[in-house]
Amino acid sequence: MVCLNLLSDIRYKMENMYLAGIIPDSWERSIKFSKTACYPDGRVTRSAIALVVFSSHFYCSACDCYHQSTYGRVDFENWEPHDRDELRAHAEQWRDAATSVERERLFKAHGMCYSELWCLSYWDPSQQLVVDPMHCLLEGLVPHHTRNLLGLTSGSTTSTCIIVSDEEACFKKLENSLFHKNMGPLMFVCNTLGCMPQKAGRTFKIDYVKALLEWHCGKPLTAPKEEPQFGTAEVLGHIRDVSAGMLKADEWRSLIMVYLPIALVSLWGAGTSHSSYELLVHLRTVLDHTMELVCTVAKAYRSCISGYVGKLKEIHPTFSLRPNHHASFHLYDYLLLFGPAHSWWCFPFEHLIGILQHFPINHKFGELENTMLCSFIKVANCPPVIQECRILFDRVHAPKGATDPSQELAEDPMDDVVQFDGIIYSRASMHMGNSQILFYPSGDRSLTPVPTRIKYIYGTLTGEMLFAVQRHLPLDIHNHTINPFLMYPGFPAKLYSTNFQSHLEKVKMGWVVSHFAQWAVSDRHAVILSLSHD
């Protein structure tokens, strides 16, 4: 648990978080807080972790959409939210049922069980069971689209870009499905269709599967629709391997917001050439569809997610929709209810779980919780004496520029690396990535930020930090260079020249917007993408 009244930069520090899950017997014994804002004499609280389970038909806690067939609905304006009183009535019916058979029948009919949360008069599942954007998008839709729809895996790097028809894909899918059936049903279908295996002696399952496939091949097929295999060495050569182990949500976020869109637009966007016009049209369609998912994560939400889900079956007809495709629509409602996602998503808690997993434990329940709790307290509450020792150690052994920037500038007017508000800035000669910044010209926020690299870092006599920077030159309009990123206004990437202005200009720290990512698409041009969180 965290206190949302704290500033965002200290809200999720370990010393400011309360871990109900590892406090032994916290529900039975309760927890006594010595003092709170409304209770100066202290208050007793009880905390619990609840698990929510949905059936395959009643899969949404927010609206009345029912059954797997509605996964792909995009008419969100017609979705009716659940009625809280009706949900409470169904839950109480399940609670008061006399037998387990009756409870099972009620659950199948209404998808609702009773929970102690219904003892709370304000409990409303349609608004308080929140869809987590990290799991829904970054660990749900993004991996599914990247690995399953585009086929961007390490195994696909050994293949070439070939044309695979929908019929061929469906044929392979049918063959795999038949091999998972029992022999009895296969014999019945073969007998019904009049295609029994013509084989002397004993017959096996594979004989009936082959007979059904031969029967299927003898039937007329529609004209094949060409679909390229996307996961080729050419595509993956522009991005990092997306199947090397278990990727974290933050890595999926970097992939979908930086690496994947820049790579695909550079390969398939405006101005690129392909072997045929049909292939060009299809790749452009897949690119536009992928960019709708990118813009969903980055900027415009509801319109982009609607376009993405609505076109999914049209562009990838052999893939099935998932509950995440429906749940992603409701993230918009929770953004209106609870504000920016960083206040309620699971990123900080997943990070904390990773820390807890590395604590040494004895794997004995009852003792395990005490061990984790004590280790957590030791990490979160570093004694002041140790903190003072660290300060002394940093002054002696820390690299140049690692301490407070105002002190460093007072001691040395020319610095290689400085840190401000937790962000590192450096000269281009030291670290190119940390030297790339966007800033408002003259501090005017009505102007478009311009990309630069930091040439020098220095300070004034008053201790103010300044950068001496060189701007990236804009595109040369006389060369008729096509900027493919202009087609996607929701993706904040632009094409610039790789050359810089010869003169330097002064930039104050307050003018800086953020760092930016850069990728050279040629010797003369580079893609520049803002890394601002705004």
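Residues numbered from 1 in each chain as written. Predicted model: local features only at pLDDT ≥ 70, side-chain atom pairs only at ≥ 80, totals over all residues. Heavy atoms only, no water.

## Here we look at helix H9 (residues 205-217)
If you check H9, its first and last C-alpha atoms are 19 Å apart, about what 13 residues at 1.5 Å a residue would give, namely 18 Å. Listed in full, the buried residues belonging to H9 are Asp207, Tyr208, Val209, Ala211, Leu212 and Leu213. (Helix = DSSP H or I, 4+ residues; strand = E, 2+ residues; numbered from the N terminus. Expected span 1.5 Å × (residues − 1). Buried < 20%, exposed > 50% of the residue type's maximum accessible area, 1.4 Å probe, protein only.)

## Some thoughts on the pattern of salt bridges
Scanning all chains against the criterion turns up eight salt bridges. In this structure, Asp75 and Arg73 form a salt bridge, with 3.0 Å as the shortest nitrogen-oxygen distance. The exposure class of Arg73 is partly exposed, given its relative accessible area of 28%. Asp333 is paired through a salt bridge with Arg302; the nearest N and O atoms lie 3.0 Å apart. (Salt bridge = Lys/Arg side-chain N within 4 Å of Asp/Glu carboxyl O.)

## Points about a nonpolar patch on the surface
On the surface, a cluster of nonpolar side chains totalling about 360 Å² of accessible area is made up of Phe188, Val189, Leu193 and Trp215. Top element by residues in the nonpolar patch is helix H8 (residues 183-193). It accounts for three residues. Following the sequence through the fold, Phe188 ends up in helix H8. The class for Phe188 is exposed, based on a relative accessible area of 59%. (Patch = residues over 30% accessible without salt bridge, like charges linked within 9 Å, V, L, I, M, F, W, Y side chains within 5 Å. Areas by Shrake-Rupley, 256 points an atom, 1.4 Å probe, with all protein chains shown as cover.)

## Points about unusual backbone geometry
A positive phi angle, near 80 degrees, is found at His67, a position not held by glycine. Within the fold, His67 resides in the loop between strand E2 (43-45) and helix H3 (84-96). Taking relative accessible area as the criterion, His67 reaches 31% and is therefore assigned partly exposed. Phi is positive for Ser442, close to 60 degrees, though the residue is something other than glycine. Here Ser442 is to be found in the loop between strand E8 (436-439) and strand E9 (450-459). Among the residues examined, Ser442 registers a relative accessible area of 64% and is labelled exposed.

## Focus on the packing of aromatic side chains
Under the counting rule described, the total for this entry stands at 11 aromatic pairs. Taking the centre distance of 5.4 Å and the plane angle of 45 degrees together, the rings of Tyr425 and Phe467 count as tilted. With a gap of 42 residues between them, Tyr425 in strand E7 (residues 423-426) and Phe467 in strand E10 (residues 465-471) connect regions that are remote in the sequence. For the pair formed by Tyr425 and Phe467, the shared burial category is buried. Aromatic ring contacts, followed pair by pair, group Phe76, Trp79 and Phe329 into a single cluster. Stacked on the ring of Tyr114, the Lys or Arg Arg95 has its end atom at 4.9 Å from the ring centre. Sitting over the ring of Phe500, Arg453 keeps its end group 3.9 Å from the ring centre. (Phe/Tyr/Trp six-rings, centres within 6.5 Å; stacked < 30°, edge-to-face > 60°. Lys NZ or Arg CZ within 6 Å of the ring centre and 35° of its normal.)

From the geometry alone we can't say anything about function, so treat these as descriptive.
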